[in-house]
Amino acid sequence: MQTAITASRSAGPDSVSRRYRRYRRAVFAGAIGFAAILAAAVAFLAWQSRETTLRAAEEEGLNLSVALSELVARSVESVDILLRGLRETALQQPLDNQAHLARLSTVGRERIYGLPPVRALVVIDAGGDIVSFSRGHPPPKVNVVDRDYFIAARDQKADSLVIGTPTLNRINGEWTINLARRISGPDGAFLGVVLATLEPLYYEQVFAAINLTPGGTIALFSTDGVLMARHPHAAERMGKPIGDTSFRRELMRSDGQATTRGIGGIDGIPRVIAGRFLRDIPLYIAVSQSEHLVLSDWRQDTWNSAILVSTVLCALGLLAHLLLYQLGKLEVAERAIIAARHDAERASRAKSAFLANMSHELRTPLNAIVGFAELLDSKLFGPMPHPKQHEYLKDIRASGEHLRDLVSDILDLAKIEAEKWTLNPAVVDARVECEQVAAIMHGLADRKRVALALALPDGAIEAYADPRVLRQMLINLVGNAIKFTPEGGTVTIEAHRRDGACEFVIRDTGVGIKPQDIARVLEPFEQGDSMMPRPGKETGLGLALTKAFAELHGGTLALESTVGVGTTITVTLPAAPG
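Only a predicted model underlies this, so the values are computations on that prediction, with no experimental measurement involved.

So, how was this worked out
- Throughout, a residue's number is its position along its own chain's written sequence, starting from 1.
- Only residues with pLDDT of at least 70 are given local features in this predicted model, and only at 80 or more are side-chain atom pairs given and counted; all residues enter the totals for whole chains, interfaces and linings.
- In computing side-chain properties, one takes all heavy atoms of the structure into account and sets aside hydrogens as well as water.
- Classification of residues uses two cut-offs on accessible area relative to the type maximum, computed with a 1.4 Å probe and protein chains only: under 20% is buried, over 50% is exposed, and between them is partly exposed.
- To qualify as a helix, a DSSP run of H or I must reach at least 4 residues; to qualify as a strand, a run of E must reach at least 2; elements of each kind are numbered from the N terminus.
- Two strands make a pair as long as DSSP finds a minimum of two bridges between them.
- To count toward a patch, a residue needs a relative accessible area over 30% and no salt bridge; like charges are then connected within 9 Å, while nonpolar side chains (Val, Leu, Ile, Met, Phe, Trp, Tyr) are connected within 5 Å.
- Note on areas: Shrake-Rupley with a 1.4 Å probe; residue coverage comes only from the protein chains shown.
- Take a side-chain nitrogen of Lys or Arg and a carboxyl oxygen of Asp or Glu: if they are within 4 Å of each other, that pair is a salt bridge.
- For helices, the fitted line uses only the C-alpha atoms of the stretch in contact; every axis is such a line through C-alpha atoms, and the angle between N-to-C directions lies from 0 to 180 degrees.
- Two residues qualify as a contact provided that any one of their heavy atoms is within 4.5 Å of a heavy atom in the partner residue.
- Only buried Ala, Val, Leu, Ile, Met, Phe, Trp, Tyr and Cys residues count toward a nonpolar core, and they belong to the same one when joined by side-chain atoms within 4.5 Å.
- As used here, the arc is the angular range of directions from the helix axis to the C-beta atoms.

S.K.: What's the story with the pairing of strand S11 (residues 283–290) in this structure? I'm lost.
M.R.: Along any regular strand, the residues point their side chains to alternate faces of the sheet. Burial within S11 is extensive, with eight of its eight residues counted as buried. Here S11 shows a buried face lined by Leu283, Ile285, Val287 and Gln289 and a second buried face lined by Tyr284, Ala286, Ser288 and Ser290. Of the strand pairs in this sheet, strand S7 (residues 217–222) and S11 are connected by six bridges, and their pairing is antiparallel. Within the sheet, the bridge partner assigned to Thr217 lies in S11 and is Ser288. Pairing geometry for strand S10 (residues 270–277) and S11, over seven bridges, is antiparallel.

Pasting the structure below:
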């Protein structure tokens, strides 16, 4: 059976490009996602703030309309009380009695004191002629038979307050709000009308005193949508219906008050409108604010937020750009490193392949040198002419053997790295292998005056390994242990089964290895500071070669050491095929 090392390959340039493309997509997606979330959050908060601002304006308008509706209602009720009293006085005498009519003029003039909105109290006979006027007697010759309030009072069956459409007064040419009540005889016959004329300007001045936001309006309407009074004043719309607006529809459907957002019926701009009916009176108050002006502060805050968010997004974009730029630089650097590593690996494999191929060319002349040196040293062809020649011959032989061992180790390591080493594993008895190695190494141990001991259990211990390579591994480890164990020390060879594997343990009481040097001594041509008893004689290949052989078998090599106490090396190999 043959087993070979499989070299691990680093990721290639294509995989690096794919990985960095994923990084760039992640950065881009993260930046876009964060920007989208931030923009959505700001937009949502801005929308909420806008709604809150508009709702606050609606609430403010509704509260104001409630207060104003009560104020207007009380003033209208006061005027109605005047009309009721004047009607009762008028019924005391016929309306063609001049003295009675003069007295009605005086009574009316006295009663309107303290009521600022009332301009005049008027009594009108059944034919529509003014017969009493609070501003003086005799009254002006004016007939109002065509006025809506006169017609409504004449034709009504129930006794109720009539509120007429604002008109231009035929006496002074000013706008007038007319409030009237029917005068009926004991038999219910129509006798005339008592009338109070109110000044819209009074209500407009009251509305103007309210501290509305710029662009705000307050208006008084009849239930059929006719404008009665408004601030700011709208002379061209006085006495005219505003039409079927969304607010009016909403108010008619409500229980007396409503808020809405819509187009103003007079100026045609978007408005926040709130209003309320007057209590038991066919009028309603409407308070509106320009939506554009209501949202002015909100727009400024939103603009400031947009600037802040834009700044954050710009910073995020710059950060993402820098990150992408750095990723690009890292990709270029990593690709260069990978290319350099691949070049180095190719060079190393070429070197290893060259050395492996040169195995025969290097070993053959070295074996010849050592062989001829041994032959001359044996004096087969006679003694050396000079003693110095024999001394030099021994140096040649020792140097040749050392060089042959060194070259042999280098070539073995090169063949493993070049994946050209072929194992021939078989089931072997670890006990027998340990005993044979002990027998081989006893001479070196005796010369070093180091005790070499075996600690083996009874019976065979199966291991699955190439016998020649296993023996070389153990000789390397035992030889190293003897070399670095002082005189009088002990080297112990152990073998046993553990967890289905076979363990070979070499213990010594030598100089030990510093903790920081343990990983280094397992690398080729490396030695620890404490492992130098013979300068110039050690190559640092023994442990590295043994470790490579162990891994070639699918096993491991572990090293534990304490300076001045000793070293323990454990080689674990499979106990059976597979």
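S.K.: I keep staring at a nonpolar patch on the surface and nothing clicks. Help me out?
M.R.: Together, Phe34, Leu308 and Val312 line one region of the surface with nonpolar side chains, adding up to about 270 Å² of accessible area. Structurally, Val312 can be placed in helix H7 (residues 296–357).

S.K.: Got a minute to help me understand the pattern of salt bridges in this structure?
M.R.: Pairing of side chains with opposite charge becomes possible as their charged atoms draw close. The final tally for this structure, using the stated rule, is 23 salt bridges. The salt bridge partner of Asp80 is Arg181, with a shortest N-O separation of 2.6 Å. Taken together, the residues span a long stretch of sequence, with Asp80 in helix H1 (residues 13–90) and Arg181 in strand S5 (residues 175–184) at a distance of 101 residues. Summarising the burial analysis for this pair, Asp80 and Arg181 share the class buried. The salt bridge partner of Arg119 is Glu174, with a shortest N-O separation of 2.9 Å. Of this pair, Arg119 sits in strand S1 (residues 118–125) while Glu174 sits in the loop between strand S4 (167–168) and S5, and the two are 55 residues apart along the sequence. Looking at Glu174, the relative accessible area reads 39%, which means it is partly exposed.

S.K.: Before we go on, may I ask you to explain the sheet that holds S7 in this structure?
M.R.: To summarise the sheet geometry, strands pair through backbone hydrogen bonds and adopt either a parallel or an antiparallel arrangement. Pairing in this open sheet of five strands is antiparallel, and the strands run S8-S7-S11-S10-S9 from one edge to the other. Each end of this open sheet is capped by a strand with a single partner; those strands are strand S8 (227–231) and strand S9 (257–263). Pairs of neighbouring strands in the sheet enclose a mean axial angle of 20°, with direction left out of account. Strand direction decides the pairing type here: S9 and S10, joined by seven bridges, are antiparallel. From the neighbouring strand, Gly262 faces S10, where its bridge partner is Arg271. Strand contacts of H1: S7, S9, S10 and S11, with the helix running at about 35° to S10, the strand carrying the most contacts.

S.K.: How should I be thinking about the nonpolar core in this particular structure?
M.R.: The tendency in soluble globular proteins is for nonpolar side chains to be buried side by side. Leu452, Val478, Phe504, Leu559 and Val571 are the most contacted members of the largest nonpolar core, which totals 43 residues. Per-element tally for this core: the top contributor is helix H11 (residues 467–483), with eight residues. Residues within four places of Phe504 in sequence aside, it is in contact with Ala430, Cys434, Ala463, Leu470, Leu474, Glu494, Ala495, Ile569, Thr570, Val571 and Leu573. One finds Val72, Leu86, Ile112 and Val118 within the second-largest nonpolar core, a separate group that totals 40 residues.

S.K.: Can you walk me through helix H3 (residues 148–155) in this structure?
M.R.: One full turn of an α-helix is made of 3.6 residues, so residues set three or four places apart face in the same direction. Every buried residue of H3 is listed here: Tyr149, Phe150 and Ala153. Across the axial projection of H3, the buried residues extend over an arc of 100°, all falling on one side. Structurally, H3 contributes buried residues whose contacts are with S1, strand S3 (162–163), S5 and strand S6 (190–198).

S.K.: Just checking my understanding: could you explain unusual backbone geometry for this structure?
M.R.: It is generally the case that most residues other than glycine have a negative phi and that most peptide bonds are trans. Omega for the peptide link from His137 to Pro138 comes to 5°, which places this bond in the cis form. Of note, Pro138 is situated in the loop between strand S2 (130–133) and H3. Across the junction of His231 and Pro232, the peptide omega takes the value 0°, indicating a cis bond. As for its position among the elements, Pro232 is in the loop between S8 and helix H5 (246–253). In this structure, Asp280 takes a positive phi of about 60° despite not being glycine. With respect to the element layout, Asp280 can be found in the loop between S10 and S11. Exposure remark for Asp280: the relative accessible area of 78% places this residue in the exposed category. At Arg449, a residue that is not glycine, the phi angle is positive and equals roughly 55°. For Arg449, the position within the fold is in the loop between helix H10 (430–448) and strand S13 (451–455).

These figures capture arrangement, not role.
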